[in-house]
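Residues per chain are reported as follows:
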2 protein chains.
Amino acid sequence: MTPRTTPPGDARRARRARRRTYEQGLETVADPARPATRSPERRYGTRPTMKDVAARAGVGLKTVSRVVNGEAGVSPDTERRVQEAITALGFRRNDSARILRKGRTASIGLVLEDLADPFYAPLSRAVEEVARTHGALLINGSSAEDPDRERELVLALCARRVDGLVIVPASDDHRYLEPEIAAGVATVFVDRPPGLIEADMVLSDSFTGAREGVAHLIAHGHRRIGFIGDHPKIHTATERLRGYEAAMAEAGLPVHPSWLALGGTEPERVRVDAASMLSGAEPVTALFAGNNRVTVTLVRVLAERERPVALVGFDDFELADLLSPPVTVVAQDPARLGRSAAELLFRRLDGADDAPRRVAQPTRLIARGSGELAPRD
Amino acid sequence: MTPRTTPPGDARRARRARRRTYEQGLETVADPARPATRSPERRYGTRPTMKDVAARAGVGLKTVSRVVNGEAGVSPDTERRVQEAITALGFRRNDSARILRKGRTASIGLVLEDLADPFYAPLSRAVEEVARTHGALLINGSSAEDPDRERELVLALCARRVDGLVIVPASDDHRYLEPEIAAGVATVFVDRPPGLIEADMVLSDSFTGAREGVAHLIAHGHRRIGFIGDHPKIHTATERLRGYEAAMAEAGLPVHPSWLALGGTEPERVRVDAASMLSGAEPVTALFAGNNRVTVTLVRVLAERERPVALVGFDDFELADLLSPPVTVVAQDPARLGRSAAELLFRRLDGADDAPRRVAQPTRLIARGSGELAPRD
DNA sequence: ATGAAAGCGCTAACAA
DNA sequence: TTGTTAGCGCTTTCAT
């Protein structure tokens with residue numbers, strides 16, 4: 001516990017030693033707009049290496065390696081001297097070199113739509129937690145629902161030689177991953193299936209969940225039910241629509257095309273579609289929301305109206321139970337999705353080589369009030 | 001657009017080639033409980049290298065490198081042949097080797113309390129976005145408010161030679177970072193200041209925000225106001241308490257010790273403290289919540305009570321405006337905190353070497369209803 | 001326009 | 001117990 005203070009000049013000098021602009025150094029995500037690398041100027045060239053430690057401790061390089069990695073076969077006295085040198089020099093093993101040599105990075109990549117989305121944030125956290133128990137770090141990126149960005153990110157992660165990938169796909173064609181998977185990158189898709197390739201996947205049972213949610217509304221007397229969902233290119237959106245259609249068909253109810261609206265989750269779009277369904281001669285008396293973003297917008301829309309409209313949302317969300325009326329939802333468990341996906345990934349990394357799996361997780365209907373409102377015609 | 005299909009055996013063979021258990025391979029986060037590495041078995045040894053591409057294209061290694069990196073000085077014909085070989089072999093540059101050679105990783109680390117917390121998720125996303133514009137990847141980890149885990153994570157990131165670090169500290173002593181910073185790892189603290197070292201930081205003005213929030217309650221007639229905040233070891237918690245005390249003092253109001261409760265954000269703890277403040281002969285008529293987790297719990301507690309109690313929460317949260325009463329908050333902008341921190345980081349990476357900065361961001365009081373309730377004595 | 005050689009910092013294999 | 005050598009896959013330097 002030495003309250004040692006580095007002279008303030010040190011850090012400044014180190015900073016000054018850096019090359020002029022960051023981007024000149026190295027690109028990760030390919031960007032055709034940016035010209036290729038030029039200036040060499042090293043970055044951690046000033047850092048002590050094992051060789052330096054060895055020289056200072058008066059031992060061989062391998063001995064330092066042994067001490068650093070806690071391997072056996074070093075006498076206590078030698079170890080002490082090496083430790084002293086390490087501390088004095090502020091040595092820290094360069095894992096880049098280690099990774100190159102060992103061929104494994106002890107890191108996995110996670111690509112999803114939006115890290116900040118309340119649905120994906122817990123998923124991401126769960127993946128991180130599993131990675132941690134396996135001694136791996138997590139590199140993650142948001143695709144923003146853009147297939148090109150997904151591909152760019154995924155390939156950047158592959159170039160970094162992540163040991164595995166967990167992907168919430170934005171793209172519907174993952175053939176670009178074939179060489180990577182063949183080269184041994186374990187890959188698990190979560191929340192949505194891969195496109196045009198075989199791979200492990202962990203999904204919620206969107207179809208059944210939506211069918212139950214819509215059947216719940218029907219059971220409460222609704223006949224005209226609107227479906228407002230995510231963009232049709234997204235697998236879960238179409239699955240949930242299928243669930244809606246199945247529930248309606250099972251009840252012998254017709255579906256008017258104007259009751260269906262798939263599109264982006266931007267509040268404006270959702271508002272426009274909701275407004276049109278709720279107006280006219282035969283307005284819908286209930287709405288089914290295709291995901292949490294849509295649900296939240298619909299809660300706002302309905303709060304602004306006088307006439308009560310029933311609502312069931314896909315995905316649970318915080319405080320749903322404290323709204324008035326409390327919001328009935330078809331709940332998924334995003335953390336569990338993430339955990340399952342990550343565990344499947346590490347099973348692959350541990351050598352499991354059976355056929356790709358499709359894990360389906362059930363959803364749970366939580367009746368809170370908004371879905372039990374009777375139709376007001 | 002060749003709909004090429006890899007024979008299913010390929011991936012399986014690659015998987016089988018892997019070593020037996022993942023953890024044997026390589027450790028990232030030091031774990032004394034796990035024994036040191038042993039089995040060597042390579043991982044991407046089966047991957048083609050530039051050398052392989054060169055052999056196949058009948059050119060020199062450096063020519064391949066030129067093509068891969070888009071450098072000038074390659075004849076169109078040669079380039080074509082190299083490209084063909086790259087495609088045929090499924091070559092992808094190994095960035096681990098590149099990083100080792102170039103000395104820069106084009107990645108930054110982010111360590112925060114909990115990736116899934118609705119306050120930190122947008123912060124994280126903002127950091128990611130800035131990193132992206134600078135061509136860097138983001139490696140992140142959650143410290144779970146554990147100083148040891150923070151240190152472990154940060155040092156693992158340093159060993160990976162991330163170019164920079166953004167840290168929401170859990171620890172109150174960051175001297176362990178001195179050698180790293182001296183070696184050139186740009187470091188920016190966000191949301192909370194560093195402990196015992198000088199470094200850049202980006203903070204919200206917790207003191208002023210809390211003072212305004214409490215003054216708002218006082219202006220609405222409250223005299224007995226409870227403060228329920230985060231654990232006192234957390235800087236923002238004590239700053240907000242200071243703000244509370246300042247507002248009370250400025251109004252000439254006494255503060256009874258039983259009105260103050262700092263501790264974990266677990267709902268049980270918050271409930272117990274709230275219950276005791278709200279009972280007795282002279283219960284508080286208003287509550288000030290120290291952060292969004294506490295606020296959410298208090299909303300639940302108050303919803304269960306008959307007598308209305310005023311509430312102002314620190315941090316805004318989704319749907320706060322749709323609760324009844326809508327919740328008055330002192331809002332921070334977590335995305336902006338993240339963006340500022342990341343931009344500051346990249347300025348450092350671009351060579352800025354002026355003295356460490358302390359950036360303070362203002363908070364904003366948003367009156368929605370719960371903070372405007374009159375005291376009911 | 002192209003390539004051969006050196007070496008980034010580490011670990012593996014093998015001596016001593 | 002300890003050290004020496006080779007080489008991971010790439011970029012850099014300097015030839016040609």
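Residues numbered from 1 in each chain as written. Chains lettered and ligands numbered in written order. Predicted model: local features only at pLDDT ≥ 70, side-chain atom pairs only at ≥ 80, totals over all residues. Heavy atoms only, no water.

1. Comments concerning the protein's contact with DNA strand D
Here is step 1: For DNA strand D, the set of nearby residues contains 25 residues, the closest of which are Thr 63, Ser 75, Thr 78 and Arg 101 of chain A together with Lys 62 of chain B.
Here is step 2: Within 4 Å of the protein, the contacting atoms of DNA strand D are drawn from sugar and phosphate to the extent of 60%.
Here is step 3: Separating a phosphate oxygen of DNA strand D from a backbone N or O atom of Gly 60 of chain A is a distance of 2.6 Å.
Here is step 4: For the surface near DNA strand D, the secondary structure elements donating two or more residues are α4 (61–68) and α6 (95–102) of chain A together with α4 (61–68) and α6 (95–102) of chain B.
Here is step 5: The dominant element in the surface near DNA strand D, judged by the number of residues it contributes, is α6 of chain B, at 5 residues.
Here is step 6: Class assignment for the residues of the surface near DNA strand D results in 8 nonpolar, 9 polar and 8 charged. (Near = heavy atom within 4 Å. Polar contact = N/O pair within 3.5 Å; in protein donor to acceptor, adjacent residues only side chain to side chain. Helix = DSSP H or I, 4+ residues; strand = E, 2+ residues; numbered from the N terminus. Nonpolar A, V, L, I, M, F, W, Y, C, P; charged D, E, K, R; others polar.)

2. Overview of the protein's contact with DNA strand C
Here is step 1: In the neighbourhood of DNA strand C, 24 residues make up the surrounding shell, with Met 50 of chain A together with Gly 60, Thr 63, Thr 78 and Arg 101 of chain B lying closest.
Here is step 2: Contacts to DNA strand C include Met 50 of chain A, whose backbone N or O atom sits 2.6 Å from a phosphate oxygen.
Here is step 3: Within the backbone of Asn 94 of chain A, one N or O atom sits 3.0 Å away from a phosphate oxygen of DNA strand C.
Here is step 4: When contributions to the surface near DNA strand C are tallied by element, the ones reaching two or more residues are α4 and α6 of chain A together with α4 and α6 of chain B.

3. Re the sheet that holds strand β9 (residues 310–314) of chain B
Backbone hydrogen bonds are what pair the strands of a sheet, in a parallel or an antiparallel way.
Residue and element names in this part refer to chain B.
Here is step 1: Overall, mixed pairing links the 6 strands, which are arranged β7-β6-β8-β9-β10-β12 in an open sheet. The sheet terminates laterally at β7 (260–262) and β12 (364–366), the two strands that pair on one side only. Strand after strand, the sheet turns through a mean of 15 degrees between neighbouring axes, direction not considered.
Here is step 2: Two strands pair when backbone bridges link them, and strand β6 (residues 225–229) and β7 are joined in this way by 3 bridges, in the parallel orientation. (Pairing = 2+ DSSP bridges. Axes fitted to C-alpha atoms, helices over the stretch in contact; angles between N-to-C directions.)

4. Side note on the packing of aromatic side chains
Here is step 1: If you walk through the whole model with that rule in mind, you get 8 aromatic pairs over all chains.
Here is step 2: With centroids separated by 5.1 Å and ring planes inclined at 80 degrees, the aromatic side chains of Phe 119 of chain A and Tyr 120 of chain A adopt a geometry described as edge-to-face.
Here is step 3: The class for Tyr 120 of chain A is buried, based on a relative accessible area of 4%.
Here is step 4: An angle of 85 degrees between the planes, with centres 6.5 Å apart, marks the rings of Phe 288 of chain A and Phe 314 of chain A as edge-to-face. Of this pair, Phe 288 of chain A sits in strand β8 (residues 286–289) while Phe 314 of chain A sits in strand β9 (residues 310–314); the two residues are 26 residues apart in sequence, bridging distant segments of the chain. Like Phe 288 of chain A, the residue Phe 314 of chain A is buried in the burial classification.
Here is step 5: The ring of Phe 314 of chain A has Arg 240 of chain A sitting right over it, with the charged end atom 3.8 Å from the ring centre.
Here is step 6: Positioned above the aromatic ring of Phe 207 of chain B is the side chain of Arg 242 of chain B, whose terminal nitrogen or guanidinium carbon lies 4.3 Å from the ring centre. (Phe/Tyr/Trp six-rings, centres within 6.5 Å; stacked < 30°, edge-to-face > 60°. Buried < 20%, exposed > 50% of the residue type's maximum accessible area, 1.4 Å probe, protein only. Lys NZ or Arg CZ within 6 Å of the ring centre and 35° of its normal.)

5. A look at helix α7 (residues 120–133) of chain A
Residues and elements named next belong to chain A.
Here is step 1: The end-to-end C-alpha distance of α7, which contains 14 residues, comes to 20 Å, matching closely the 20 Å that a straight helix rising 1.5 Å per residue would cover.
Here is step 2: Turning to α7, its buried residues are Tyr 120, Ala 121, Leu 123, Ser 124, Arg 125, Ala 126, Val 127, Glu 128, Val 130 and Ala 131.
Here is step 3: Phi for Gly 135, located one or two positions after α7, is positive at around 70 degrees. (Expected span 1.5 Å × (residues − 1).)

6. Notes on the packing of α7 of chain A against helix α14 (residues 334–349) of chain A
Packed helix pairs are specified by the crossing angle of their axes together with the interaxial distance, meaning the distance between the axes.
Residue and element names in this part refer to chain A.
Here is step 1: At a closest axis distance of 7 Å, the pairing of α7 and α14 adopts a crossing angle of 35 degrees. By crossing handedness, the relation of α7 to α14 is classed as right-handed. Residues Pro 122, Leu 123, Ala 126, Val 127, Val 130 and Ala 131 of α7 form the contact with α14, whose participating residues are Pro 334, Ala 335, Leu 337, Gly 338, Arg 339, Ala 342, Glu 343 and Phe 346.
Here is step 2: When grouped by side-chain class, the residues that make up the contact of α7 with α14 number 11 nonpolar, 1 polar and 2 charged. (Left-handed = near helix turned anticlockwise from the far one by under 90°. Contact = heavy atoms within 4.5 Å.)

7. Focus: the pairing of strand β10 (residues 328–331) of chain A
Residues and elements named next belong to chain A.
Here is step 1: Going residue by residue along β10, you find Thr 328 and Val 330 tucked away on one face and Val 329 and Ala 331 tucked away on the opposite face as well.
Here is step 2: Note: β9 against β10, 3 bridges, orientation parallel. Bridge pairing in β10 places Phe 314 opposite Val 330.
Here is step 3: Pairing between β10 and strand β12 (residues 364–366): 3 bridges, direction antiparallel.

8. What to know about the UniProt feature "domain: HTH lacI-type" (unreviewed entry) in chain A
Here is step 1: Within the UniProt annotation, "domain: HTH lacI-type" (unreviewed entry) is assigned to residues 48–102 of chain A.
Here is step 2: This span, residues 48–102 of chain A, is 69% helix and 0% strand, and a straight line between its end C-alpha atoms measures 21 Å. (UniProt positions renumbered as here; feature names shortened; annotations may be inferred.)

9. Quick word on the nonpolar core
Note that soluble globular proteins tend to have their nonpolar side chains buried in a common cluster.
Here is step 1: Counting 87 residues, the largest nonpolar core has Leu 287, Leu 298 and Phe 317 of chain A together with Leu 287, Leu 298 and Phe 317 of chain B as its most contacted members.
Here is step 2: Those residues in contact with Leu 298 of chain B, other than ones at most four positions away along the chain, are Ile 228, Val 270, Ala 274, Leu 287, Ala 289 and Leu 311 of chain B.
Here is step 3: Val 127 and Ala 136 of chain A together with Tyr 120 and Ala 131 of chain B belong to the second-largest nonpolar core, a separate cluster that totals 54 residues. (Core = buried A, V, L, I, M, F, W, Y, C linked by side-chain atoms within 4.5 Å.)

10. Topic: the pattern of salt bridges
Here is step 1: What the rule picks out here adds up to 57 salt bridges over all chains.
Here is step 2: For the salt bridge of Arg 192 of chain A with Glu 113 of chain A, the shortest nitrogen-to-oxygen distance reads 3.8 Å. With Arg 192 of chain A in the loop between β4 (186–190) and β5 (200–204) and Glu 113 of chain A in the loop between β1 (107–112) and α7, this residue pair connects regions lying 79 residues apart in the sequence.
Here is step 3: Between Arg 149 of chain A and Glu 129 of chain B there is a salt bridge, with its nearest N and O atoms 3.1 Å apart. Pair noted here: Arg 149 of chain A is in helix α8 (residues 147–159) and Glu 129 of chain B is in helix α7 (residues 120–133), and the two residues belong to different chains.
Here is step 4: What emerges from the salt-bridge pattern is a single network uniting Asp 114, Arg 149 and Glu 152 of chain A together with Arg 125, Glu 128, Glu 129 and Arg 132 of chain B. (Salt bridge = Lys/Arg side-chain N within 4 Å of Asp/Glu carboxyl O.)

11. Comments concerning the pairing of strand β4 (residues 186–190) of chain B
Residue and element names in this part refer to chain B.
Here is step 1: Judged by how many residues are buried, β4 sits mostly within the fold: 5 of 5 residues are covered.
Here is step 2: By the bridge criterion, 4 bridges tie strand β3 (residues 164–167) to β4 in an arrangement that is parallel. Each residue of the ladder has a partner; that of Ile 167, found in β4, is Phe 189.
Here is step 3: The pairing of β4 with strand β5 (residues 200–204) spans 3 bridges and is parallel. Within the sheet, the bridge partner assigned to Phe 189 lies in β5 and is Met 201.

12. Details of the domain arrangement of chain A
Residue and element names in this part refer to chain A.
Here is step 1: The assigned domain composition of chain A is domain 1 (42–94), domain 2 (105–204 + 336–361) and domain 3 (206–332 + 364–372).
Here is step 2: The C-alpha-based centres of domain 2 and domain 3 are spaced at 30 Å.
Here is step 3: Listed by partner, the interface residues are 9 residues for domain 2 and 9 residues for domain 3.
Here is step 4: Carbon and sulfur atoms supply 52% of the area that domain 2 and domain 3 bury against each other, a total of about 850 Å² over both sides.
Here is step 5: Run the count over domain 2 and domain 3 and you get 3 residue pairs in polar contact (both at pLDDT 80 or more).
Here is step 6: Of the residues that constitute the side of domain 2 that touches domain 3, the class distribution is 4 nonpolar, 1 polar and 4 charged. (Domains from an automatic or database assignment. Buried area = accessible area lost by both parts, 1.4 Å probe.)

13. Here's the deal with the sheet that holds β9 of chain A
Residue and element names in this part refer to chain A.
Here is step 1: Read from one edge of the open sheet, 6 strands run β7-β6-β8-β9-β10-β12, paired in mixed fashion. The strands lining the two open edges of the sheet, one partner per strand, are β7 (260–262) and β12. Taking the axes of each pair of neighbouring strands and ignoring which way they run, one obtains an average angle of 15 degrees across the sheet.
Here is step 2: Strand direction decides the pairing type here: β8 and β9, joined by 4 bridges, are parallel. Paired with Ala 289 across the strands is Gly 313, a residue of β9.
Here is step 3: The strands that helix α12 (residues 267–277) touches are β6 (225–229), β7 and β8; relative to β6, the one it contacts most, it runs at about 170 degrees.
Here is step 4: Here helix α13 (residues 292–303) sits on the sheet in contact with β6, β8 and β9, set at roughly 160 degrees to β9.

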